[in-house]
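Given next are the chains, with one letter for each unit.
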Amino acid sequence: MDNVLVQKYGGTSVGSTKKIKRIAQNIVRNKKNGLKVVVVVSAMGNTTNELISKALEVNKQPPSRELDMLLATGEQVSISLLAMAIKSLGHDVISLTGGQCGILTDGNHKKAKITEIKTDRLLSELEQDKIIIVAGFQGIDNCNDITTLGRGGSDTTAVALAAALKADMCEIYTDVDGVYTTDPRIVQNASLIDKISYDEMLELASLGSSVLHPRSVELARKFKVPLVVKSSFTMNKGTIVTEVDTMEKVVVRGLALDQEIAKISILEVPDKPGIAYKLFAELAKNNIGVDIIIQNINRNSVNDISFTVKIDDLDEAVEISEKIVSEIGAKKVIYDKAVSKLSVVGAGISGSAEVASIFFKSLYELGINIQTISSSQIKISCIIETDKALKALTYLHDKFHLSGLNGEDAVI
Ligand code: ADP
Ligand code: ASP
Ligand code: MG
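Residues numbered from 1 in each chain as written. Chains lettered and ligands numbered in written order. Predicted model: local features only at pLDDT ≥ 70, side-chain atom pairs only at ≥ 80, totals over all residues. Heavy atoms only, no water.

Participant: Mind showing me how you'd approach a positive patch on the surface here?
Facilitator: The grouping of Lys18, Arg22, Arg29 and Lys32 at the surface amounts to a positive patch. Inspection of the secondary structure assignment puts Arg29 in helix α1 (residues 17-32). (Patch = residues over 30% accessible without salt bridge, like charges linked within 9 Å, V, L, I, M, F, W, Y side chains within 5 Å. Areas by Shrake-Rupley, 256 points an atom, 1.4 Å probe, with all protein chains shown as cover. Salt bridge = Lys/Arg side-chain N within 4 Å of Asp/Glu carboxyl O. Lys, Arg positive; Asp, Glu negative; His and termini not counted. Charge placed at Lys NZ, Arg CZ, Asp CG, Glu CD. Helix = DSSP H or I, 4+ residues; strand = E, 2+ residues; numbered from the N terminus.)

Participant: Would you mind going over helix α10 (residues 353-365) with me for this structure?
Facilitator: Spanning 13 residues, α10 covers 18 Å between terminal C-alpha atoms, matching the ideal 18 Å at 1.5 Å per step. Of the positions making up α10, those classed as buried are Val355, Ala356, Ile358, Phe359, Ser362 and Leu363. Mapping the buried residues of α10 onto a view down its axis gives an arc of 165°, with all of them on the same face. α10 presents Ala353 and Tyr364 as exposed residues on the side facing more than 90 degrees away from its buried surface. For α10, the elements touching its buried residues are β18 (339-345), β20 (379-385) and α11 (389-399). (Expected span 1.5 Å × (residues − 1). Buried < 20%, exposed > 50% of the residue type's maximum accessible area, 1.4 Å probe, protein only. Arc of directions from axis to C-beta. Contact = heavy atoms within 4.5 Å.)

Participant: Got a minute to help me understand the side chain of Asp155 in this structure?
Facilitator: By secondary structure assignment, the location of Asp155 is in helix α5 (residues 154-164). Within the structure, Asp155 has its side chain in polar contact with the backbone nitrogen of His213 (distance 2.9 Å). Other than its neighbours up to four places away in sequence, Asp155 contacts Lys8, Ile172, Val211, Leu212, His213 and Ser216. (Polar contact = N/O pair within 3.5 Å; in protein donor to acceptor, adjacent residues only side chain to side chain.)

Participant: Would you take a moment to explain the packing of helix α2 (residues 47-58) against helix α3 (residues 64-88) for this structure?
Facilitator: Any two packed helices are characterised by how steeply their axes cross, that is the angle between the axes, and by the distance between the axes. At a minimum axis separation of 9 Å, α2 and α3 run at an interaxial angle of 150°. Between α2 and α3, the angle is such that the two are roughly antiparallel. Along this stretch, α2 crosses α3, giving a crossing that reads as right-handed. Where α2 approaches α3, its residues Thr47, Thr48, Leu51, Ile52 and Ala55 are matched on the opposing element by Leu67, Leu70, Leu71, Thr73 and Gly74. Looking at the contact of α2 with α3 residue by residue, the classes come out as six nonpolar, four polar and no charged. (Axes fitted to C-alpha atoms, helices over the stretch in contact; angles between N-to-C directions. Parallel < 35°, antiparallel > 145°, perpendicular 65-115°, else oblique. Left-handed = near helix turned anticlockwise from the far one by under 90°. Nonpolar A, V, L, I, M, F, W, Y, C, P; charged D, E, K, R; others polar.)

Participant: When you look at the site of ligand 2 in this model, what are you seeing that I'm missing?
Facilitator: In the region of ligand 2, the neighbouring residues are Ser42, Ala43, Thr48, Glu75, Phe137, Arg151, Gly152, Gly153 and Ser154. Between ligand 2 and Glu75 there is a distance of 2.7 Å, counted from a nitrogen atom to a side-chain nitrogen or oxygen. (Near = heavy atom within 4 Å.)

Participant: Can you walk me through the environment of Gly178 in this structure?
Facilitator: Assignment of secondary structure puts Gly178 in the loop between β9 (169-174) and β10 (195-197). A C-alpha to C-alpha distance of 8.3 Å links Gly178 and Asp194, two positions 16 residues apart in sequence. In this structure Gly178 touches Leu192, Val211, Val229 and Thr239, once residues within four positions along its chain are discounted.

Participant: Any chance you could explain the pairing of β18 here in plain terms?
Facilitator: For β18, the buried fraction is high: seven of the seven residues fall into the buried class. Both faces of β18 are covered, namely the face carrying Val339, Lys341, Ser343 and Val345 and the face carrying Ser340, Leu342 and Val344. Two strands pair when backbone bridges link them, and strand β13 (residues 254-258) and β18 are joined in this way by five bridges, in the antiparallel orientation. Paired with Gly254 across the bridge in β18 is Val345. As defined by bridge partners, β18 adjoins β20 across seven bridges and the pair is classed as antiparallel. Bridge pairing links Val345 to Lys379 in β20. (Pairing = 2+ DSSP bridges.)

Right under this line is the structure:
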């Protein structure tokens, strides 16, 4: 189908009925311009957090299936209100839950993955010239149970729909003017980026830049969906996420800080084949994502193994690790919640000792100890103590000359 536009409005953009009415006008404007519009919305304002708090009031460990059932209601409030607002402007519109619009997922509650989108319903509603409003962040599994895609997952709903409908563009409306060189709410003089590659955006998002859900960028890259991130308040032109050719320049695109991690260490692990496998296979079986892994230098036939997990997975990961410790004859499990991951992202970083040198020198100048380092083609990450992380972010932003870029690249 031609001329399909997918738009997504985040929580703050639908934070009040007044804002919903304003957005309705923007949607209708696009419809009047001849586009077939599919809109994905998040829950209003802080609703998802409030629902989680309520769940915790009645059960300290809410069952995942029931939590998904509860959280999915947040988005249902927004879609129905937005559809009513659009109807009041005299346009045909229909709101659909994830299940109603054919978003099928696996059965992994709280972090389900989209397995298929059955587009029949969407296509038929679009053919009837209706605007479609879809509840973000949710789908149904093969038992018809409601699932959710993980916090921030509405971005992924939008890109998945754009890919399935072969939309010309997917617009992500949020509360800042686009993607900045780092979180503009922490570093006030961060620069707005005009254009960023899928690879760089995927790294930034995966490393903690919450402006886009990492899986949405992964999908956009896979299906070549052009993405634009912009503000629903100013409607300025925003940031385009697409293929970008930087040739052989070493470009520092931005910095990311993830404070939502924890480090687990298993002490005195016997140094023999199969031990790491046992531990990480068990974590994988329980769907726990593991990030930076290090094994220290062997002494007296024992090693220490450390790894980071998302803070939400900490309790479960510690429980699994403790079980494994007794099985493999290691000493004990310790963990640290007061750690953060600070990363620098940009094309060509792996070939540049200069970037690593600026990064490590800056931390040294601030008296910050680096607990762990990891790197890839386009990023370097360090685990440091959370207390000093915000200061380090601002300092590094300055040292990499990321302020006042006005659309230029920060080339090293
Ligand atoms: P929404 O509800 O619209 O999905 P989010 O809160 O999920 O909004 O994402 C937008 C927020 O992402 C911004 O308010 C900003 O604080 C944060 N953010 C973190 N890193 C960046 C970055 N590099 N560029 C822009 N925003 C960022
Ligand atoms: N409402 C969900 C959340 O707050 C999904 C989203 O906003 O993308 O995480
Ligand atoms: Mg978001």
